[in-house]
Amino acid sequence: MPPVSSAIYGCAGLELSVWESEFFAETNPLGLILFARNVETPDQVRALTEAFRTIVDRSDAPVLIDQEGGRVQRLKPPTWRQAPPPRIFGRLAERDPQAAVAAVELNARLLAQELLSLGITVDCAPLLDLSMKDTHKVIGDRAFSGDTARVATLGRAACQGFLAGGVVPVIKHIPGHGRANVDSHFELPQVDATRRELEATDFAPFRALADAPWAMTAHVIYSAIDPDRAATVSPTVIAEVIRGDIGFEGLLVSDDLSMQALSGDLSERTAAALTAGCDIALHCNGDPSEMRQVAEAATPLSDAARRRLTRGEAQRRAPSLFDSLEAAEALEHLLSTVALR
């Protein structure tokens, strides 16, 4: 088996194809990320996660998913619970901060129980992006609030709930996507706020959670810091802001490199992200030709990334007995004062 690679990939369907199985055995990626196209039944998802770990011969290989609640939820009803969008918790916090913290932690604990039962050990949540006047709808109600302290408090509660349930949270999109007024899936956003303003607002929730185990970058240009490169591929943003001002010490994974905000082929994007300081290159769409390009530029997992990965795993606790029905009822009660629509 080759060294563990600094890449995480998606796959195309409900089970690994022959090509995917051979590719994963050949390249030994750190992990696998799942999407709605990979989900049908609990048994099928368990079989998929087990098959991936068998191929890479690592029982602890991370398997990721975006299970935020609201619009971004890969595991959907009726098989899985419909979790509320983060904005609901922010609205509750305006009325009752303590109830909101309890609700967020309960919700994350419930999500973690659902994920861990399927072999999914990493959730790409919570968002710490601020909701602002010009925030693009791609973020929208995925953000808790526009208040920095409220976002930090609720983000902390979410991380605690995930970790208590045995799942690693990923704070995103560091150092902040809230000011972006275009969708980075299709265009490269540029934020022109001053560095002082960014440090006081957008960066603040991430600074408050600098001890989080994983973070995901933003495909956003911050013109006051690096006018030419998005954060994901900017050595300046990663060194000076993410590792510097924010002080993030955990595993840094790129946002999806196949998004159109970035330029160049996938090999160039991968090399740029890893050279800039990302620990992990993330590629999601399951396209074999693009995956090959990522693999060409991906490097063996660095010693620093290994240490960060190990530190994150140490924060993930073996879940204790947890009554999901009771927790769901308690969550519904806490949210009863807030209209869900």
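Up top is the structure.
Here we summarise the structure given alongside this text. These numbers were taken from a predicted model, which means no experiment stands behind them.

### Regarding the overall build of the protein
Next up, step 1: Across its full length, the protein holds 12 helices and 12 strands.
Next up, step 2: Viewed in the frame of its principal axes, the protein has a C-alpha envelope of about 50 × 50 × 30 Å.
Next up, step 3: Per-residue burial over the protein gives 57% buried out of 341 residues.
Next up, step 4: Long-range contacts, defined here as pairs at least 24 residues apart, represent 76% of the contacts in the protein between residues at least 6 apart.

### Re the state of the cysteines
Next up, step 1: What the rule picks out here adds up to zero disulfides.
Next up, step 2: With no disulfide partner, cysteine 124 has as its closest neighbouring cysteine sulfur the one in cysteine 284, 7.7 Å distant.
Next up, step 3: Residue class for cysteine 284 comes out buried when judged on its relative accessible area of 5%.

### Quick notes on the packing of helix α1 (residues 18-27) against helix α10 (residues 288-297)
Next up, step 1: Close contact between α1 and α10 brings their axes to 12 Å; oriented N to C, the two are set at 5°. On the basis of their axis angle, the class for α1 and α10 is roughly parallel. Between α1 and α10, the contacting residues are Trp19, Phe23, Phe24, Glu26 and Thr27 on the first element and Pro288, Met291, Arg292 and Ala295 on the second.

### Structural notes on the sheet that holds strand β7 (residues 168-174)
Next up, step 1: Taken together, the eight strands give an open sheet; going across it, the order is β11-β9-β7-β6-β3-β2-β1-β12, and neighbouring strands pair in parallel fashion. At either end of the open sheet lies a strand with only one pairing partner, and these are β11 (251-253) and β12 (281-283).
Next up, step 2: Taken together, the two bridges between strand β6 (residues 122-123) and β7 define a ladder with parallel strand orientation. Across the sheet, valine 122 pairs through a bridge with valine 168, a residue of β7.
Next up, step 3: Strands in contact with helix α2 (residues 42-56) are β2 (29-34) and β3 (63-65); relative to β2, the strand with the most contacts, it is inclined by about 165°.

### With respect to the side chain of aspartate 226
Next up, step 1: As for its placement among the helices and strands, aspartate 226 is situated in the loop between β10 (221-222) and α8 (235-245).
Next up, step 2: Take aspartate 226: its relative accessible area is 4%, and that puts it in the buried class.
Next up, step 3: At 3.0 Å, the side chain of aspartate 226 forms a polar contact with the backbone nitrogen of aspartate 228.
Next up, step 4: Ignoring sequence-local partners within four residues, the contact set of aspartate 226 consists of Ile221, Ser234, Thr236 and Val237.

### Some thoughts on the packing of α1 against α2
Next up, step 1: Running from N to C, α1 and α2 cross one another at 40°; their axes reach a closest spacing of 8 Å. The angle between α1 and α2 falls in the class oblique. Here α1 runs over α2; the crossing is right-handed. On α2, the residues that touch Ser21, Phe24 and Ala25 of α1 are Phe52, Ile55 and Val56.
Next up, step 2: Looking at side-chain class alone, the contact of α1 with α2 contains five nonpolar, one polar and no charged residues.

### Details of the packing of aromatic side chains
Next up, step 1: In total, this model carries six aromatic pairs according to the counting rule given.
Next up, step 2: Here the aromatic cluster, defined as three or more aromatic residues joined through ring pairs, consists of Tyr9, Trp19, Phe23, Phe24 and Phe52.
Next up, step 3: Lying across the ring of phenylalanine 322, arginine 109 places its NZ or CZ 4.0 Å from the centre.

### Examining the pattern of salt bridges
Next up, step 1: Enumeration over the complete set of coordinates arrives at 18 salt bridges.
Next up, step 2: One salt bridge in this structure joins arginine 292 and glutamate 26, with 3.0 Å as the shortest N-O distance. With arginine 292 in helix α10 and glutamate 26 in helix α1, this pair connects stretches of sequence that are 266 residues apart.
Next up, step 3: Among the residues examined, arginine 292 registers a relative accessible area of 33% and is labelled partly exposed.
Next up, step 4: According to the relative accessible area criterion, glutamate 26 is partly exposed, its value standing at 46%.
Next up, step 5: A network of salt bridges, in which partner residues are shared, links Asp66, Glu68, Arg74, Arg142 and Lys172.

### A short note on helix α12 (residues 324-334)
Spacing of three or four residues puts side chains on the same side of an α-helix, whose turn is 3.6 residues.
Next up, step 1: Within the span of α12, buried status applies to Ala327, Leu331 and Leu334. Taken end-on, α12 shows its buried residues confined to a sector of 60°, consistent with a single buried face. The exposed set on the far side of α12, more than 90 degrees from its buried face, consists of Leu325, Glu326, Glu332 and His333.
Next up, step 2: Buried residues in α12 make contact with α3 (86-95) and α4 (97-116).
Next up, step 3: Two to three positions downstream of the cap, the backbone nitrogen of leucine 325 sits 3.1 Å from a side-chain oxygen, assigning the N-cap of α12 to aspartate 323.

Reading guide: rules and limits
- Starting from 1, residues in each chain are numbered consecutively following that chain's sequence as written.
- Local features in this predicted model are restricted to residues of pLDDT 70 or higher, and side-chain atom pairs are both shown and tallied only at a pLDDT of 80 or more, whereas totals for entire chains, interfaces and linings draw on every residue.
- Water and hydrogen atoms play no part in the side-chain values, which are based on all heavy atoms of the structure.
- Think of it this way: any DSSP run of H or I at least four residues long counts as a helix, any run of E at least two long counts as a strand, and we number them from the N terminus.
- A 1.4 Å probe rolled over the protein chains alone gives each residue an accessible area, and that area as a share of the maximum for its type sets the label: buried under 20%, exposed over 50%, partly exposed in between.
- Residue contacts are defined here by distance: any two heavy atoms, one from each residue, within 4.5 Å place the two residues in contact.
- In this description, the term disulfide denotes a pair of cysteine sulfurs within 2.5 Å.
- Lines are fitted to the C-alpha atoms to define the axes, a helix being fitted only along its stretch in contact, and any angle between axes, read from their N-to-C directions, falls within 0 to 180 degrees.
- What sets the label is the angle itself: under 35 degrees gives roughly parallel, over 145 gives roughly antiparallel, 65 to 115 gives roughly perpendicular, and the rest give oblique.
- Only strands that DSSP links by at least two bridges are regarded as paired with each other.
- Counted as a polar contact is a pair of N or O atoms within 3.5 Å, where, for protein atoms, one must be capable of donating a hydrogen and the other of accepting one, and residues adjacent in sequence contribute only when both atoms are in side chains.
- Here a crossing is called left-handed whenever its near helix is offset anticlockwise from the far helix by less than a right angle, and right-handed whenever the offset is clockwise.
- We call Asp, Glu, Lys and Arg charged. Ala, Val, Leu, Ile, Met, Phe, Trp, Tyr, Cys and Pro are nonpolar, and the rest, Gly among them, are polar.
- Within 6.5 Å between ring centres, the rings of Phe, Tyr and Trp (the latter by its six-membered ring) count as paired, and their orientation is classed by plane angle as stacked under 30 degrees, edge-to-face over 60, tilted in between.
- By definition here, charges over rings are those cases where NZ of Lys or CZ of Arg is within 6 Å of the ring centre and within 35 degrees of the ring normal.
- Between Lys or Arg on one side and Asp or Glu on the other, a salt bridge is scored when a side-chain nitrogen of the former is within 4 Å of a carboxyl oxygen of the latter.
- Our arc is simply the arc of the directions from the helix axis toward the C-beta atoms.

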